[in-house]
Amino acid sequence: GAVVSQHPSRVICKSGTSVKIECRSLDFQATTMFWYRQFPKQSLMLMATSNEGSKATYEQGVEKDKFLINHASLTLSTLTVTSAHPEDSSFYICSARDLNEGTQYFGPGTRLLVL
Amino acid sequence: AQSVTQLDSQVPVFEEAPVELRCNYSSSVSVYLFWYVQYPNQGLQLLLKYLSGSTLVKGINGFEAEFNKSQTSFHLRKPSVHISDTAEYFCAVSSRNQGGKLIFGQGTELSVKP
């Protein structure tokens, strides 16, 4: 149980294009999902908290118009990196908080490379 | 505000030796504590968690951790490590009034050598 999937696992795109990353909780419902960014050899940096049916809450310094988050159902949240630039290249990880037990379960991550 | 400090950025150890990865936290409210493991190019996998009750928590892969409130610590231990335990380990804390938001430590790279 407690499986979270992310799609795609890896994406390469040209500068200026937009990229959508999906995060799904496969066997539990999650009213809250989180999006993180991780640079090489570093810890996870929380970007935003995604709440089902409401607007996401962004951490200080994260551009909400750049990183669009939608949480349309209890099992799906999406992160869209708009007009991507090379500095957006990173490892993006989502997590889903189990409604019943409160634990966060993490997806396998998405490696984004912007050329 | 809460914070987490992992005292060792790298821990090299020989196979079958015991290991302890240290984690200290600071918080003004009651906390929940977690240890996650990350293998290269993968997401995080939950090793174990402390929510309440017994302060000695057993997790997967033979790991355990002890919550020590007086020392504000949650050190991770394994009596005998394997090569396959080589990975990055993250300690994290959350509290009920933070909406489930996790605060992560900087991570400890465990390197198990034959």
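Quick look at the pattern of salt bridges
Applying the stated criterion to the full structure yields eight salt bridges over all chains. For Arg24 of chain A, the salt bridge is made with Glu22 of chain A, and the minimal N-O distance between the two is 3.4 Å. With a relative accessible area of 24%, Glu22 of chain A lands in the partly exposed category. The salt bridge partner of Glu66 of chain B is Arg77 of chain B, with a shortest N-O separation of 3.7 Å. Here Glu66 of chain B, found in strand S8 (residues 64-68), pairs with Arg77 of chain B, found in strand S9 (residues 73-78); they are eleven residues apart in sequence, far enough to count as distant. Three or more residues are tied together by salt bridges with common partners; here these are Glu20, Glu66 and Arg77 of chain B.

A word on the side chain of Ser77 of chain A
All names here are of chain A. Within the secondary structure, Ser77 sits in strand S8 (residues 76-81). Take Ser77: its relative accessible area is 0%, and that puts it in the buried class. A distance of 3.4 Å separates a polar atom in the side chain of Ser77 from the backbone oxygen of Asn70. Among residues more than four places away in sequence, those in contact with Ser77 are Ile21, Glu22, Cys23, Met33, Trp35, Ser50, Ile69, Asn70 and His71.

Regarding the packing of aromatic side chains
What characterises a pair of aromatic rings is the spacing of the ring centres plus the angle enclosed by the ring planes. In the structure shown here, the tally under the stated rule is twelve aromatic pairs over all chains. An angle of 80° between the planes, with centres 5.0 Å apart, marks the rings of Phe106 of chain A and Tyr36 of chain B as edge-to-face. One end of the pair, Phe106 of chain A, is in strand S10 (residues 104-106); the other, Tyr36 of chain B, is in strand S5 (residues 32-38), on a second chain. Look at Phe106 of chain A and you get buried, because its relative accessible area is 9%.

Looking at the state of the cysteines
This model, assessed by the stated rule, comprises two disulfides over all chains. Disulfide pairing is shown between Cys23 of chain A and Cys94 of chain A; the S-S distance is 2.0 Å. Since a negative S-S torsion denotes a left-handed disulfide, the Cys23 of chain A-Cys94 of chain A link at about 80° is right-handed. With Cys23 of chain A in strand S3 (residues 19-25) and Cys94 of chain A in strand S9 (residues 90-97), this residue pair connects regions lying 71 residues apart in the sequence. By relative accessible area, which is 0% here, Cys23 of chain A ends up buried. The disulfide partner of Cys23 of chain B is Cys91 of chain B, and the gap between their sulfur atoms is 2.0 Å. Between Cys23 of chain B and Cys91 of chain B the sulfur-sulfur dihedral comes to about -65°; the bridge is accordingly left-handed. Placement of Cys23 of chain B in strand S4 (residues 23-26) and of Cys91 of chain B in strand S10 (residues 87-94) is noted, with a sequence separation of 68 residues between them. For Cys91 of chain B, a relative accessible area of 0% corresponds to the buried category. Take Cys13 of chain A: it sits in no disulfide, and the sulfur closest to it among the cysteines is that of Cys94 of chain A, at 18 Å.

Rules used in this analysis
- Residues numbered from 1 in each chain as written.
- Chains lettered and ligands numbered in written order.
- Predicted model: local features only at pLDDT ≥ 70, side-chain atom pairs only at ≥ 80, totals over all residues.
- Heavy atoms only, no water.
- Salt bridge = Lys/Arg side-chain N within 4 Å of Asp/Glu carboxyl O.
- Buried < 20%, exposed > 50% of the residue type's maximum accessible area, 1.4 Å probe, protein only.
- Helix = DSSP H or I, 4+ residues; strand = E, 2+ residues; numbered from the N terminus.
- Polar contact = N/O pair within 3.5 Å; in protein donor to acceptor, adjacent residues only side chain to side chain.
- Contact = heavy atoms within 4.5 Å.
- Phe/Tyr/Trp six-rings, centres within 6.5 Å; stacked < 30°, edge-to-face > 60°.
- Disulfide = S-S within 2.5 Å.

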